[in-house]
Amino acid sequence: MQNGSPPPAAGAIPGWRLIISDRGRFWAFRQTRFPIEAMRAGANSELDADTLAEIEAAVKRQEEIAEQVAS
């Protein structure tokens, strides 16, 4: 964890595990894999970003991809 920066609250993104690297980079890993159809449509279950807001936005985009395929 980066010194001086608290980690995001546990469960900050339901269904995703969040990690902050020792360099302050945010990583999110989906706790369950996307269905193959969602993955083929571009949904990614492993993401990284510079900020919590960016990782939240990236997760939202992936979940939207999966939702569009499912509907």
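Quantities reported herein were computed from a predicted structural model and do not represent experimental measurements.

(A) Seen up close, the overall build of the chain. Check the secondary structure of the chain and you find two helices and three strands. When its helices and strands are written in sequence order, the chain yields β-β-α-β-α. Classification of the 71 residues of the chain by burial places 27% in the buried group. Counting only contacts in the chain whose residues sit at least 6 apart along the sequence, the fraction spanning at least 24 positions is 35%. Put simply, the chain shows about 5,000 Å² of open surface, and 49% of that area lies on carbon and sulfur atoms.

(B) Highlighting the sheet that holds strand β3 (residues 46-49). If you trace the three strands from one edge of the open sheet to the other, you get β1-β2-β3, paired in antiparallel fashion. In the strand order of this sheet, the two ends are held by β1 (16-20) and β3, each with one partner. Neighbour-to-neighbour, the strand axes of this sheet turn through a mean angle of 20°, independent of strand direction. Bridge analysis of β1 against strand β2 (residues 26-30) gives five bridges, and the strand direction is antiparallel. Within β2, the position partnered with isoleucine 20 by the bridge is phenylalanine 26. Set on the sheet, helix α2 (residues 52-70) makes contact with β1, β2 and β3; between it and β3 the angle comes to about 150°.

(C) Region of the structure containing the packing of aromatic side chains. According to the stated counting rule, one finds two aromatic pairs in the structure shown. For the ring pair tryptophan 27 and phenylalanine 29, a centre distance of 6.4 Å and an interplane angle of 10° mean the geometry is stacked. On the accessibility criterion, tryptophan 27 (32% relative accessible area) is partly exposed. Phenylalanine 29 gets classed as partly exposed once you look at its relative accessible area, which sits at 27%. Seen from the ring of phenylalanine 34, arginine 30 lies directly overhead, with NZ or CZ sitting 4.0 Å from the centre.

Analysis parameters
Residues numbered from 1 in each chain as written. Predicted model: local features only at pLDDT ≥ 70, side-chain atom pairs only at ≥ 80, totals over all residues. Heavy atoms only, no water. Helix = DSSP H or I, 4+ residues; strand = E, 2+ residues; numbered from the N terminus. Buried < 20%, exposed > 50% of the residue type's maximum accessible area, 1.4 Å probe, protein only. Contact = heavy atoms within 4.5 Å. Areas by Shrake-Rupley, 256 points an atom, 1.4 Å probe, with all protein chains shown as cover. Pairing = 2+ DSSP bridges. Axes fitted to C-alpha atoms, helices over the stretch in contact; angles between N-to-C directions. Phe/Tyr/Trp six-rings, centres within 6.5 Å; stacked < 30°, edge-to-face > 60°. Lys NZ or Arg CZ within 6 Å of the ring centre and 35° of its normal.

Coordinates in, geometry out; function isn't part of it.
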